[in-house]
Every structure is written in C-alpha cells, then in structure tokens.
Amino acid sequence: MVRPYAVTGGRTAPRVKFAMEALVSSATSEHRDLSLLSPEFQAIIQLCRQVRSVAEVSALLRVPLGVVRVLIADMASEGLIRVHQPQLDAGKPDLNLLERVLSGLRRL
C-alpha cells in the first residue's frame, strides 16, 4: 500500500480547482499503450472510459477525494482525461447533473 502523499508527490491541492461533482472522461484511445503511466493514472483512465464524477472515481478506487483531485488535475493538464465542469445557472447546479451523480453513487 502506498501512502496518499507519495502518490501526489506531497501535494495536497490540485493545480486546477474543480467540483467533486465534475464529470471526468478519458481522452485516450483504447489502443494507446498505458504501460508507461503510473498505476493510479491507468486505473483512472480505465474507470473514466465511462463518464464518472470525481466523487465516483474516488469511491471506486478507495482513494481519498483530495488525492483523486490532484491526480485528475495532473492528468487533465497532460491531456489524458477531460474534466467537464458543471454549469451553474444563477448559482444553482444543473438538476440533470445532480441526478446523474446521485444515480452513480447509488450504483456503488
């Protein structure tokens, strides 16, 4: 077992801020060789072949949310994944997005 601070290089905050309900999808093709990436990056890419929320990725990997946010921000900056931020209309979250997140959490 690797300590979370070792996975993130000691960083506790992501380079880019995003909400835990932000949706994440893989930006890599299924045929790309992922063997050069860290095991954490590989696992996130595999999970995000289906669109998932940041919270779902954290829960499915059993990794703290803060660690997953740092990893996802790093991966997004490298073009490995896409982060889809929720659009807030007058300060209210998108109801459709919240329903999808709730549905995903119930499946866990």
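Here's what I pulled together on the structure shown here. Source: prediction; values computed, not measured.

## Description of the sheet that holds strand β1 (residues 23-26)
- Taken in spatial order, the 3 strands make up an open sheet running β2-β1-β3, and their pairing is antiparallel. Strands with a single pairing partner mark the edges of an open sheet, and in this sheet they are β2 (52-53) and β3 (81-84).
- Bridge count for β1 against β3 is 4 bridges, and the pairing is antiparallel. Note on β3: the bridge partner recorded for Val-24 is Val-83.

## Focus on helix α4 (residues 65-77)
- For α4, spanning 13 residues, the distance from its first C-alpha to its last is 18 Å, which sits close to the expected 18 Å at 1.5 Å a residue.
- All of the buried residues along α4 are Val-67, Val-68, Val-70, Leu-71, Ile-72, Ala-73, Asp-74 and Met-75.

## Quick notes on the side chain of Ser-58
- Looking at the secondary structure, you find Ser-58 in helix α3 (residues 54-61).
- A relative accessible area of 9% places Ser-58 in the buried class.
- For Ser-58, the residues in contact, after removing those within four places along its chain, are Val-63, Pro-64, Leu-65 and Val-68.

## Brief notes about the environment of Val-101
- Relative to the assigned elements, Val-101 resides in helix α5 (residues 95-107).
- Each C-alpha atom of the pair Val-101 and Ala-22 lies 9.1 Å from the other, and the pair is 79 residues apart in sequence.
- Contacts of Val-101, omitting those with residues within four sequence positions, involve Glu-21 and Ser-53.

## Comments concerning a nonpolar patch on the surface
- Residues Leu-60, Leu-105 and Leu-108 make up a contiguous nonpolar surface patch of roughly 240 Å² in combined accessible area.
- Within the secondary structure, Leu-105 is located in helix α5.
- Exposure remark for Leu-105: the relative accessible area of 38% places this residue in the partly exposed category.

## Description of the pairing of β1
- Residues Leu-23 and Ser-25 point to one face of β1 and Val-24 and Ser-26 to the other, with burial holding for every one of them.
- Pairing of β1 with β2 involves 2 bridges; the strand directions are antiparallel. Residue pairing for β2: Leu-23 is matched across the bridge by Ser-53.

## Some words on the packing of helix α2 (residues 39-47) against α4
- Close contact between α2 and α4 brings their axes to 11 Å; oriented N to C, the two are set at 80°. One element, α2, and the other, α4, form an angle in the roughly perpendicular class. From α2, Glu-40, Phe-41, Ile-44 and Ile-45 reach across to α4, where they touch Leu-71, Ile-72, Asp-74 and Met-75.
- For the contact of α2 with α4, the per-class residue count stands at 6 nonpolar, no polar and 2 charged.

## With respect to unusual backbone geometry
- Within the chain, Arg-62 stands out as a residue other than glycine whose phi angle is a positive 55°.
- The residue Arg-62 is located in the loop between α3 and α4 in this model.
- Given a relative accessible area of 78%, Arg-62 falls into the exposed group.

Quick notes on the rules
- Residues numbered from 1 in each chain as written.
- Predicted model: local features only at pLDDT ≥ 70, side-chain atom pairs only at ≥ 80, totals over all residues.
- Heavy atoms only, no water.
- Pairing = 2+ DSSP bridges.
- Helix = DSSP H or I, 4+ residues; strand = E, 2+ residues; numbered from the N terminus.
- Expected span 1.5 Å × (residues − 1).
- Buried < 20%, exposed > 50% of the residue type's maximum accessible area, 1.4 Å probe, protein only.
- Contact = heavy atoms within 4.5 Å.
- Patch = residues over 30% accessible without salt bridge, like charges linked within 9 Å, V, L, I, M, F, W, Y side chains within 5 Å.
- Areas by Shrake-Rupley, 256 points an atom, 1.4 Å probe, with all protein chains shown as cover.
- Salt bridge = Lys/Arg side-chain N within 4 Å of Asp/Glu carboxyl O.
- Axes fitted to C-alpha atoms, helices over the stretch in contact; angles between N-to-C directions.
- Parallel < 35°, antiparallel > 145°, perpendicular 65-115°, else oblique.
- Nonpolar A, V, L, I, M, F, W, Y, C, P; charged D, E, K, R; others polar.

In short, geometric facts, not functional conclusions.
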